[in-house]
Amino acid sequence: MAPATRAEAAANAIGSVRAEGLDPGRAEPLLAAWARGELTDEQLVQARLKLLGDRSLTVEELLPDARAA
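This text gives an overview of the structure that appears in the document. All chains use their own residue numbering, which begins from 1 and follows the written sequence. For this predicted model, a pLDDT threshold of at least 70 governs which residues receive local features, and a threshold of 80 or more governs which side-chain atom pairs are given and counted, while totals over whole chains, interfaces and linings are taken from all residues. By convention in this description, side-chain values take in all heavy atoms of the structure and omit both hydrogens and water.

**Comments concerning the nonpolar core**
So, step 1. We define a nonpolar core as any set of buried Ala, Val, Leu, Ile, Met, Phe, Trp, Tyr and Cys residues linked to one another through side-chain atoms lying within 4.5 Å. Under the scheme applied here, a residue whose accessible area is under 20% of the maximum for its type counts as buried, over 50% as exposed, and between as partly exposed, the area being computed with a 1.4 Å probe on protein chains only. Core analysis: the largest hydrophobic core is formed by 14 residues, its most contacted members being Leu30, Leu31, Trp34, Leu39, Leu51, Leu62 and Leu63.
So, step 2. Taken together, the elements giving at least two residues each to this core come down to α1 (6-19), α2 (27-35), α3 (41-53) and α4 (59-62).
So, step 3. For this core, the leading source of residues is α2, giving 4 residues. Under the DSSP-based scheme used, a helix requires at least four consecutive residues in state H or I and a strand at least two consecutive residues in state E, with every element numbered from the N terminus.

Structure follows, in structure tokens:
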């Protein structure tokens, strides 16, 4: 089996969250930017930590150059 692409990995992560009855909320545009190659793996981790640490921070504020999902 071939390794999953970033787009497939992001879609699977979002689908898993939704399957649990949760809203992917702010994670969805962040994962979309990562899937498009606008973020490295390390940048994704750092952005996620910033979002978890500051609930008022939006993805758009964090990643002004990344396109919306």
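**Brief notes about the layout of surface pockets**
So, step 1. Buried and open spaces are told apart on a 1 Å grid over the protein atoms alone, a cavity being a set of points where a 1.4 Å probe fits but cannot get out and a pocket being an open set with protein on both sides within 12 Å along at least five of seven lines. Residues with an atom within 4 Å of a point are the lining residues. Grid points are joined across faces, edges and corners, and a volume is the space filled by probe spheres set on the points. When its volume is computed, the largest pocket comes out at roughly 320 Å³.
So, step 2. Lining the largest pocket are 16 residues, with Pro24, Arg26, Ala27, Leu30 and Arg48 positioned closest to its centre.
So, step 3. The set of elements that each furnish at least two residues to the lining of the largest pocket consists of α1, α2 and α3.
So, step 4. In terms of residue count, the dominant contributor to the lining of the largest pocket is α3 (5 residues).
So, step 5. We call Asp, Glu, Lys and Arg charged. Ala, Val, Leu, Ile, Met, Phe, Trp, Tyr, Cys and Pro are nonpolar, and the rest, Gly among them, are polar. When grouped by side-chain class, the residues that make up the lining of the largest pocket number 12 nonpolar, no polar and 4 charged.

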